[in-house]
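Chain and residue survey
One letter stands for each residue in the lines below.
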Amino acid sequence: MKTSVIPKVKKIRLKSTIIYSKKITMRFSKNRYYQAQAINLRACEVIEAEKRRLGTPQWEKVTGLLDYYEALGENPLIFTAKALKGIFERNKTAAKKEEVAINYHLLNLISKPELLALAYKVIQRNNDALCKGSYISKEDFNKLNKQQKFLYYKSFKLSDGMSPYWINLVGSLIRRGKYPWGSRTKLYLDKPRQPEKKRPLTIPPFVDRMVQKAIEMVLQSIYEPYFEKRNRSFGFRPNKGVHQAISAVLSYQNNGMRTAIEGHIEVPYDMLNKEVLIKLLEKRICDRKFVNLIRNRLNYDFVERETKKRFMPHTGIQQGGIDSRYLFNIYMHELDEFVHNDIQEFVDTLNERITGTQNKKKAWNSNRDQQKKFLLQLTKAKNKLKTLPLDRTNLNVLKQRRTLHNVIRKIRLNDHKKNHMSSGSKTDRKIRIYYLRYADDWILLTNANSEISYQIKVKIAKFLLTTLKLKLSEKKTLITDITKAPAKFLGFEIRNSPRRPLKKEPVETPRSFQKHTLRKQSRLVPWVAPDRQRLISRLHMKGFCNKKGAPLTLPWLSSFEPHVIIEHYNSTIRGLVEFYLPLIRNASSLHRWIYILRFSCLKTLAQKYKSSIIKVFNRFGCDMYSPATKTISVRVQLNVEGSSFFKEWKLLTYKAVKQLINLEAHKLELGTIYWDAERGRMGNYPNKKGGIPQVINLNFEDKIS
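What you see is a predicted model, and the numbers here were worked out from it, not measured in a lab. (Residues numbered from 1 in each chain as written. Predicted model: local features only at pLDDT ≥ 70, side-chain atom pairs only at ≥ 80, totals over all residues. Heavy atoms only, no water.)

1. A closer look at the overall build of the chain
How we decide: Secondary structure elements are defined from DSSP: runs of H or I of at least 4 residues count as helices, runs of E of at least 2 residues count as strands, and each element is numbered from the N terminus. Accessible area is worked out with a 1.4 Å probe on protein chains only. A residue is then buried under 20% of its type maximum, exposed over 50%, and partly exposed in between. We call two residues in contact when some of their heavy atoms are within 4.5 Å. Using a 1.4 Å probe, accessible areas were evaluated by the Shrake-Rupley method; residue-level cover was limited to the displayed protein chains.
Along its length, the chain carries 26 helices and 16 strands. Within the chain, the fraction of its 705 residues that count as buried is 45%. Within the chain, residue pairs in contact and separated by at least 24 positions form 71% of the contacts whose partners lie at least 6 positions apart. Of the roughly 40,800 Å² of accessible surface on the chain, 53% is carried by carbon and sulfur atoms.

2. Section: a positive patch on the surface
To keep things clear, this is the line we draw: Think of a patch as exposed residues, more than 30% relative accessible area, with no salt bridge, where like charges cluster within 9 Å and nonpolar side chains (Val, Leu, Ile, Met, Phe, Trp, Tyr) cluster within 5 Å. Salt bridge, as used here: a side-chain nitrogen of Lys or Arg that lies within 4 Å of a carboxyl oxygen of Asp or Glu. When charges are counted, Lys and Arg are positive and Asp and Glu negative, with His and the chain ends excluded. A charge is said to be at NZ when it belongs to Lys, at CZ for Arg, at CG for Asp and at CD for Glu.
Taken together, the side chains of Arg13, Lys15, Lys547, Lys548 and Arg592 present a region of like positive charge at the surface. Along the chain, the position of Arg592 falls in helix H22 (residues 591-608).

3. Side note on the confidence of the model for the chain
Going by this rule: pLDDT measures how confident the predictor is about each residue, on a scale from 0 to 100.
Per-residue pLDDT for the chain averages 81, and the proportion of residues at 70 or more is 82%. Here residues 1-9 is a poorly scored stretch, pLDDT under 50, and it has 0 contacts once near neighbours within four places are set aside; other chains count. Counting contacts from residues 420-427, a segment whose pLDDT is below 50, to residues more than four positions away or on other chains yields 4 contacts.

4. With respect to the packing of aromatic side chains
This is how it is decided: Stacked, edge-to-face and tilted are the three classes for Phe, Tyr and Trp ring pairs, Trp counted by its six-membered ring, which pair at centre distances within 6.5 Å; planes under 30 degrees apart are stacked, over 60 edge-to-face, the rest tilted. Any Lys NZ or Arg CZ that is within 6 Å of a ring centre and within 35 degrees of that ring's normal is treated as a charge sitting over the ring.
The final tally for this structure, using the stated rule, is 17 aromatic pairs. Centroid distance Tyr179 to Trp181: 4.9 Å. Interplanar angle 80°. Geometry classified as edge-to-face. Its relative accessible area of 9% is what places Tyr179 among the buried residues. Here Trp181 falls in the buried class, since its relative accessible area comes to 14%. Taken together, Tyr223, Phe227 and Tyr326 form an aromatic cluster joined through their ring pairs. For the cation-ring pair, Arg585 lies above Trp527, with the distance from its terminal atom to the ring centre recorded as 3.7 Å. Here Arg635 stacks its cationic end above the ring of Phe646, 4.4 Å away from the centre of that ring.

5. Topic: the nonpolar core
Convention followed: For our purposes a nonpolar core is just a set of buried Ala, Val, Leu, Ile, Met, Phe, Trp, Tyr and Cys residues, chained together by side-chain atoms within 4.5 Å.
Among the nonpolar cores identified, the biggest contains 90 residues, and Leu219, Leu335, Ile456 and Ile460 are the most heavily contacted of them. Tallying contributions element by element places helix H16 (residues 324-354) first for this core, with 13 residues. Other than its neighbours up to four places away in sequence, Ile456 contacts Ile261, Ile343, Phe346, Val347, Ile433 and Leu444. Judged by nonpolar contacts, the second largest core, of 72 residues, contains Val249, Phe492, Val564 and Ile632.

6. Points about the sheet that holds strand E16 (residues 643-650)
Hydrogen bonds along the backbone pair up the strands of a sheet, which may run parallel or antiparallel. Going by this rule: Two strands qualify as a pair provided that DSSP identifies no fewer than 2 bridges between them. A fitted line through C-alpha atoms represents every axis, and for helices the fit uses only the stretch in contact; the resulting angles, taken between N-to-C directions, go from 0 to 180 degrees.
Here we have 3 strands laid out as an open sheet, ordered E14-E15-E16, and antiparallel in their pairing. Two strands bound the open sheet, and with one partner strand each, they are strand E14 (621-622) and E16. Across 8 bridges, strand E15 (residues 631-640) lies against E16 in antiparallel orientation. Residue Ser633 lies in a different strand from E16, and its bridge partner there is Lys650. Across the sheet, helix H23 (residues 613-620) lies against E14 and E15, angled at about 45° from E15, the strand it touches most.

7. Some points on the environment of Phe236
Within the secondary structure layout, Phe236 lies in the loop between helix H11 (206-230) and helix H12 (242-249). Remark: the alpha-carbon pair of Phe236 and Ala439, spanning 203 residues in sequence, is separated by 7.1 Å.

8. Things to note about a negative patch on the surface
Together, Asp342, Glu345, Asp348 and Glu352 make up a region of like negative charge exposed at the surface. Checked against the element boundaries, Asp348 lands in helix H16.

9. Points about the sheet that holds strand E10 (residues 492-496)
Strand order in the open sheet formed by 3 strands is E9-E10-E13, with antiparallel pairing between adjacent strands. Edge positions in the sheet fall to strand E9 (487-489) and strand E13 (526-530), since each has one partner strand and no second. Strand after strand, the sheet turns through a mean of 35° between neighbouring axes, direction not considered. Note that E9 and E10 share 3 bridges and pair antiparallel. Residue pairing in the sheet places Ala487 in a bridge with Ile494 of E10.

10. Considerations on the side chain of Lys457
Within the secondary structure, Lys457 is located in helix H19 (residues 450-466). Discounting residues that sit within four places of it in the chain, Lys457 has contacts with Ile261, Leu472, Glu474, Thr477 and Ile479.

11. Quick notes on the pattern of salt bridges
A complete count under the given rule lists 18 salt bridges for this structure. Between Asp623 and Lys650 there is a salt bridge; the shortest N-O distance is 3.0 Å. A residue pair is termed long-range when its members are at least 10 positions apart, and Asp623 in the loop between E14 and E15 and Lys650 in strand E16 qualify at 27 residues. Accessibility expressed as a relative area gives 27% for Asp623, which makes it partly exposed. Through salt bridges with shared partners, a single network forms among Glu224, Glu228, Arg237 and Lys240.

12. Describing a nonpolar patch on the surface
On the surface, Val100, Ile102 and Tyr104 cluster together to form a nonpolar patch covering roughly 270 Å² of accessible area. You can see Ile102 is positioned in the loop between helix H5 (76-96) and helix H6 (107-110). The class for Ile102 is partly exposed, based on a relative accessible area of 34%.

13. A word on the packing of helix H7 (residues 113-123) against helix H10 (residues 164-175)
Put simply, the test is: Put simply, angles under 35 degrees are roughly parallel, angles over 145 are roughly antiparallel, angles from 65 to 115 are roughly perpendicular, and the rest are oblique. Left-handed describes a crossing whose near helix is turned anticlockwise from the far helix by less than a right angle; the clockwise case is right-handed.
The contact between H7 and H10 brings their axes to 9 Å, and the two run at 120°. Classed by the angle they form, the pair H7 and H10 counts as oblique. In this structure, H7 crosses over H10, and the sense of that crossing is right-handed. Here Pro113, Leu116 and Ala117 of H7 lie close against H10, whose contacting residues are Ile167, Asn168, Val170 and Gly171.

14. Some thoughts on the pairing of E15
Every regular strand shows the same layout, with side chains that alternate between the two sheet faces. Among the 10 residues in E15, 7 count as buried, and that is most of the element. Here 2 bridges tie E14 to E15, and the two strands are oriented antiparallel to one another. Across the sheet, Gly621 pairs through a bridge with Ile632, a residue of E15.

15. Points about helix H21 (residues 562-580)
Which entries qualify depends on this criterion: A helix's residues, less one, multiplied by 1.5 Å, set its expected span.
Helix length check: H21 (19 residues) gives 28 Å between terminal C-alpha atoms against 27 Å at 1.5 Å per residue, within 8%. Those residues of H21 not exposed but buried are Pro562, His563, Val564, Ile565, Ile566, His568, Tyr569, Asn570, Ile573, Leu576, Val577 and Tyr580.

16. Describing unusual backbone geometry
We note that Asn231 has phi near 60°; this positive angle belongs to a residue other than glycine. Examined against the element boundaries, Asn231 turns out to sit in the loop between H11 and H12. Since its relative accessible area comes to 1%, Asn231 is described here as buried. The backbone of Asn239 shows a phi angle near 65°, a positive value even though the residue is not glycine. Mapped onto the fold, Asn239 is located in the loop between H11 and H12. Judged by relative accessible area, Asn239 falls into the buried class, the value being 17%.

Structural data, given as structure tokens:
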């Protein structure tokens, strides 16, 4: 007899999907930073001596300056801070009452030298502070007056050299409605995961960026209360971020959610309609001069750096402006309101059709009638089987008995399936939705089936096209059953178990040897894991591994000192663990990526010393008694003012980096921020250490001075 061979199922291996580019890898490696770090360490003794020589305390001079400014009276910046806080409080009161507050006299606030100076202080330390804009056309230049031309020439200088004269001149031109918006420089950057594609970026002049920052601060004081009231937007807002968005996904509001609609908009910044944005701003702003300032700011032109050609786009908002992302949030807030009102109303109408005591009785009666029908069919089949004699020579009788056996088997199988179904009827399940947005990416979780999810997707696509003039991407907008496949959002995989999870509960009887018992929870709880495809693509892009995830050496780092190489890898491991560990369910899902980074470091050191990994461990190994703590360390002797001491660098393990993070406190903080806003809290957030206070922070007026 021929034996049937069961075919082996091929396991799909995870592979990187990007095209490797050494140019991009070198750009992300930050060689200059680590080279400067090595030079500073070698010259540590000289640097410390210069610090002591130049750092002579001048207490009398500093005390005299403080007394002088205190005698001048109250800081004029406090009046501007009080005006911003007053706008915020007025809009907060309106947001709590579900009303719309109208805001006046905003242009005078933006033209205040104190606000412009504060905006300058915020952006002058950014990385793009030294980037220059482009030149305007000759026709536009000839239209400028003497003061405008004077400011135009200043806008091409660097951020250094800004003085009260320039700030007062900018404020004066803004008040008179004659501020000369400059021309932008447009360049194209390589996309991190798609080197064959380019990402456009426009760079405005530095003075324009200062005015844009002042506009953003005023817009934040107006719109933050409404964003906080809805609590569904987490992108590019103060005190919000990716962690707050994912902690919202993990809230108990999403228990039982099985379906996810992953939303993606095609080229959202380029397709933004300027007139629609102006109309949205006019709903809450009644200041014609302020609206004209923003209208002139939106009517920008740019010059491509490569072709030197000038363009004037009719739609879109440039990526690179300081206030562009916040203006886009104002634009997309209409989608948040549409989902909260119209989509929720659509879901409520569906719930009215399928819920109610009458439908419950119908479902219960139908189940009871179906059970009676099963019993009646089974009894008839058994009685008919008893009447047939067991005659193996009669083929007709055997066929009849075989068909009856099949009928009985089908009836019992149907009854078996019915007993394993959920006790609640599908017609009795209340449909729920949960929507979340981060800039132009959004996700909607629901417990509805795929047909209803498709209807929701169609309604959102129609709203975006007709109202906001944006197009929903059909390829990237997916409807996913997260009990079978994960939904991807902000670098995480959102999953849900197909069965209810088991929860440990302590046993009450003291004499029992069993410490815990398992009990099923009432609903399906969502959980997240790292996006594996994104991680392997990123690590491959940066040269840490090949396409299949095998660790590789970084040859351009092998010329540095060993402690500099270890510091480079430690910063990557620390950032990876700090980003994912507070939110993911299974900490073991990080082990593979830490392994890739650690062994890439070992291979780089092995190439530096032209040896093997075993010899590297023999030379630098420490804590070798356990695989969890086994690592390498490098000690460097430093001499400062005649005294010598040692500084040590250890290659981080998972156990070591986990001890550096206070997981419980971080999880509690994330949950507190989300639930405080969900319960109606608006503002009064503690200020971040080293950051400039914003209008939603605690004691904003006092700290800003």
